Amino acid sequence: MGKIKTAFGKLGNVVKGFKTYWNKPPKGRYLSYKEAAAYCVGGMGAVGATIIPSYVTLQAGMYIAAALNIAVDHIVIIGIISNIVNILRAPIYSMLIDNTNTKYGKFRPYLIWMPIPIVVCMFAIGWIPQMLTDHYMVMLVVYTIIFQLLQFFVGLYSLAFTTLLQVITPAQGEKEWLMGIGATVYSLGPSLVNMIIPFIGNLLYTYTLTTGDKMLGIHTVGPFKWVMPIAMILCLALGYWTAFGTKERTATSKQYKQKVNFKHGIVSTAKNKYFWLFTSSSILSTFKLAGTTFVVWLCSYAIQENWAQSLFVTIMGSACVPGMVLAPLFIKKFGKKNIIIFTNILCVVLTIPLLFVSMTYNAFTPYFIIIISFIITLANSLQLVTTPAIQTQMYDYQQFQTGERQEGFISQCVAVFTMAIGIGLSFVNPAIYKLHGFNDDVTVLTNPDVLYGIIATSAIIGIVSGILGTIPMFFWDITEKKHACIIETLKVRALAQDGIVDAETATSLEERLMGGDVEALNEYVRETGIGGEDFLSVKDAPSDTNTTDSVEEVPVEVQESIVDEGENNQ
């Protein structure tokens, strides 16, 4: 009874803590639970919306490519065109993001306005190309134009949401907490999308081929007209909670107005060594999970049941949850760099049994492959938090070196290099498909020799890619403590620029921080009483003009139910 009473007592403290800190953050933190909920729950819609275009992206044997009967060779050509367009649009993204200075900040305006053209493009791509199927080449051209427009608007929307995390709070521990909890919550958006859209599509549009095999409805034209556009509208509507319910906070002077020209942005990014390490690791590890990407094929062409895709894709999505929840704890104990290295190696080791299972197939093989893919995804799930967290180090180092926030330029420079290499890599998968006899007739994937041969070859490439992608991370030398000192130094500089501390004090504090005394600024704050958001530039919704989050005193037992203040400031 004593333990039960204690458990209910702790639960009561948690509930009381949520009520107390719903509108105002706990002491030492920047996010109220209301704002965290806006980011997480609104993120279900925002991230869910960015998943829907995958159904209208050309993928051999699946979705709109199968519905419009587009040949593998043409998929490659359109893929190359898309990569070239993506490279050309990257500078536009960079200039837009890094030169946006509005009352909403630099990211949230795109969460507000991009949904309109996104919805228009979704309806257009669902209706127009299918009306031109009697004119194949015209249909391809029209599809490509609409798709590129959709990609532009969705890409800008997605970049705004993902990068908002970098400026929603300056506290790294709080970012990691939000990455773990937030990603767990907003991953429900893609999970629901990947469960509901195939289920409804298969339920309404599945038909039987002359061979007796099934063509699942999700690979036919029907779902693209209404199911997916309506799903997009619902997701984007939920995403507005994030747009209007969050703030942007940066450790910059309140008078700072960012304006970065293209040449300067490129040159300063090129001098960031962590940009090169991150980019090279991203490129080399492109195929590290290649062997796990065939769940939809296995459901459609091996298992051939209407329910299979909705069930197994949802289960695969759930594999990410434990890693996202536990990531902040593992980061604190082992560090982001070590987690990335370990999980990469673990994925390589786990891909080896997947290779042998796909080479010796039988009636149970599709289920074995899905199980192994689930375990690999589980192992890799920690990187859903550690990767954006280590990108934060890269962004903050850039501001530390140059005095400018350049999330737009850095993220898009990474994208440019990745997409440029991707043009060459785009020939890899089609070459594998053709090697095993798949060109444009998706029904050949019902042949086990073809299906499992493709999976086995992809697994081999995944093993090599995982090993190569790990190497650059051994040279990453920003530790958690070093990054904390960088953040505190940026705050000191902001205080000095706003005249809150004098130049001599700022110099002294910065010297202490660069010497490894991560508590230097905290000691000064306690002595002088400044703090909260005094050293931050805060972009808020127009209806909320208060830029300083005041904190109410609360009972000790309630404070103990909140994450430790010191841990969140590291």
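Residues numbered from 1 in each chain as written. Predicted model: local features only at pLDDT ≥ 70, side-chain atom pairs only at ≥ 80, totals over all residues. Heavy atoms only, no water.

1. Focus: the overall build of the chain
Then step 1. In terms of regular secondary structure, the chain is built from 26 helices and 4 strands.
Then step 2. Residues classed as buried in the chain amount to 55% of the 570 residues present.
Then step 3. Here the contacts in the chain between residues at least 6 apart in sequence split such that 82% fall between residues at least 24 apart.
Then step 4. Carbon and sulfur atoms form 67% of the exposed surface of the chain, whose accessible area is close to 24,100 Å². (Helix = DSSP H or I, 4+ residues; strand = E, 2+ residues; numbered from the N terminus. Buried < 20%, exposed > 50% of the residue type's maximum accessible area, 1.4 Å probe, protein only. Contact = heavy atoms within 4.5 Å. Areas by Shrake-Rupley, 256 points an atom, 1.4 Å probe, with all protein chains shown as cover.)

2. Some points on unusual backbone geometry
Then step 1. One non-glycine residue, asparagine 69, lies in the positive phi region at around 55°.
Then step 2. For asparagine 69, a relative accessible area of 55% corresponds to the exposed category.

3. Regarding the confidence of the model for the chain
Then step 1. Per-residue confidence for the chain gives a mean pLDDT of 79; residues scoring 70 or more make up 82%.
Then step 2. When mean pLDDT is taken per element in the chain, helix α6 (residues 115-127) scores highest with 94 and helix α25 (residues 556-559) scores lowest with 35. (pLDDT = per-residue confidence, 0-100.)

4. Quick notes on the packing of aromatic side chains
Then step 1. The final tally for this structure, using the stated rule, is 17 aromatic pairs.
Then step 2. Residues tyrosine 240 and phenylalanine 244 carry aromatic rings whose centres are separated by 6.1 Å and whose planes lie at 25° to one another, so their mutual orientation is stacked. Of this pair, tyrosine 240 and phenylalanine 244 both sit in helix α10 (residues 227-245), 4 residues apart, which is roughly one turn of the helix.
Then step 3. Taking the relative accessible area as the measure of exposure, tyrosine 240 reaches 28% and is therefore partly exposed.
Then step 4. We classify phenylalanine 244 as partly exposed; its relative accessible area is 42%.
Then step 5. Pairwise contacts between aromatic rings join Phe294, Trp297, Tyr433 and Phe438 into one cluster.
Then step 6. Positioned above the aromatic ring of tryptophan 127, the side-chain terminus of lysine 225 is 4.9 Å from the ring centre. (Phe/Tyr/Trp six-rings, centres within 6.5 Å; stacked < 30°, edge-to-face > 60°. Lys NZ or Arg CZ within 6 Å of the ring centre and 35° of its normal.)

5. Description of the environment of alanine 431
Then step 1. Relative to the helices and strands, alanine 431 is located in helix α20 (residues 428-435).
Then step 2. Distance from alanine 431 to valine 72, taken between C-alpha atoms, is 9.8 Å for residues 359 residues apart in sequence.

6. As for the pattern of salt bridges
Then step 1. Scanning the entire structure with this criterion turns up 8 salt bridges.
Then step 2. The salt bridge partner of glutamate 35 is arginine 249, with a shortest N-O separation of 2.8 Å. Here glutamate 35 is found in helix α2 (residues 33-51), whereas its partner arginine 249 is found in strand β3 (residues 248-250), with 214 residues between them in sequence.
Then step 3. Overall, glutamate 35 belongs to the buried group, its relative accessible area being 6%.
Then step 4. Linking arginine 512 and glutamate 523 is a salt bridge whose minimum nitrogen-to-oxygen distance equals 2.8 Å. (Salt bridge = Lys/Arg side-chain N within 4 Å of Asp/Glu carboxyl O.)

7. Topic: helix α23 (residues 503-514)
Then step 1. End to end, α23 covers 16 Å across 12 residues, agreeing with the expected 16 Å (1.5 Å per residue, within 8%).
Then step 2. Buried within α23 are the following residues: Ala506, Leu509 and Leu513. Around the axis of α23, the buried residues are gathered within 70° of arc, so they sit on the same side. Opposite the packed face of α23, turned more than 90 degrees from it, sit the exposed residues Ala503, Glu504 and Glu511.
Then step 3. Lining the buried residues of α23 we find α22 (480-497) and α24 (520-528). (Expected span 1.5 Å × (residues − 1). Arc of directions from axis to C-beta.)

8. Re the environment of isoleucine 112
Then step 1. Note that isoleucine 112 resides in helix α5 (residues 108-113).
Then step 2. In this structure, the C-alpha to C-alpha distance between isoleucine 112 and threonine 242, residues 130 residues apart in sequence, is 9.4 Å.
Then step 3. Excluding residues that lie within four positions of it along the chain, isoleucine 112 makes contacts with Tyr104, Tyr240, Ala243 and Phe244.

9. Considerations on the environment of threonine 250
Then step 1. Position of threonine 250 relative to the elements: it lies in strand β3.
Then step 2. Exposure remark for threonine 250: the relative accessible area of 15% places this residue in the buried category.
Then step 3. In this structure, the C-alpha to C-alpha distance between threonine 250 and threonine 169, residues 81 residues apart in sequence, is 7.3 Å.

10. Regarding the nonpolar core
Then step 1. Trp297 and Phe438 are the most contacted members of the largest nonpolar core, which totals 116 residues.
Then step 2. Here this core gets 16 residues from one element, more than from any other, and that element is helix α7 (residues 136-167).
Then step 3. Ranked by size, the runner-up nonpolar core spans 17 residues in total, among them Phe278, Ile341, Tyr397 and Met473. (Core = buried A, V, L, I, M, F, W, Y, C linked by side-chain atoms within 4.5 Å.)

11. A few points about the packing of helix α8 (residues 172-186) against helix α15 (residues 321-334)
Then step 1. Where α8 meets α15, the closest approach of the two axes is 8 Å, and the angle between their N-to-C directions is 170°. Between α8 and α15, the angle is such that the two are roughly antiparallel. Touching Glu176, Trp177, Gly180, Ala183 and Thr184 of α8 are Val321, Met324, Val325, Pro328 and Ile331, all from α15.
Then step 2. Residue composition of the contact of α8 with α15, by class: 7 nonpolar, 2 polar and 1 charged. (Axes fitted to C-alpha atoms, helices over the stretch in contact; angles between N-to-C directions. Parallel < 35°, antiparallel > 145°, perpendicular 65-115°, else oblique. Nonpolar A, V, L, I, M, F, W, Y, C, P; charged D, E, K, R; others polar.)

12. A closer look at the packing of helix α4 (residues 72-98) against α7
Packed helices, taken two at a time, are described by their axes: the angle between them and the distance between them.
Then step 1. Relative orientation of the contacting elements α4 and α7 amounts to 35°, with a least axis distance of 10 Å. Relative to α7, α4 is oriented so that their crossing is right-handed. Within the contact between the two elements, α4 uses His74, Ile78, Ile81, Ser82, Val85, Asn86, Arg89, Ile92, Tyr93, Leu96 and Ile97 and α7 uses Tyr136, Leu140, Tyr143, Thr144, Phe147, Gln148, Gln151, Phe152, Phe153, Gly155, Leu156 and Leu159.
Then step 2. Class assignment for the residues of the contact of α4 with α7 results in 15 nonpolar, 7 polar and 1 charged. (Left-handed = near helix turned anticlockwise from the far one by under 90°.)

13. Focus: a nonpolar patch on the surface
Then step 1. On the surface, a nonpolar cluster with roughly 780 Å² of combined accessible area is contributed by Leu188, Leu192, Met195, Ile196, Phe199, Ile200, Leu203, Leu204 and Tyr205.
Then step 2. Within the secondary structure, leucine 192 is located in helix α9 (residues 188-205).
Then step 3. A residue is classified by how much of its surface remains accessible, and leucine 192, at 38% relative accessible area, is partly exposed. (Patch = residues over 30% accessible without salt bridge, like charges linked within 9 Å, V, L, I, M, F, W, Y side chains within 5 Å.)

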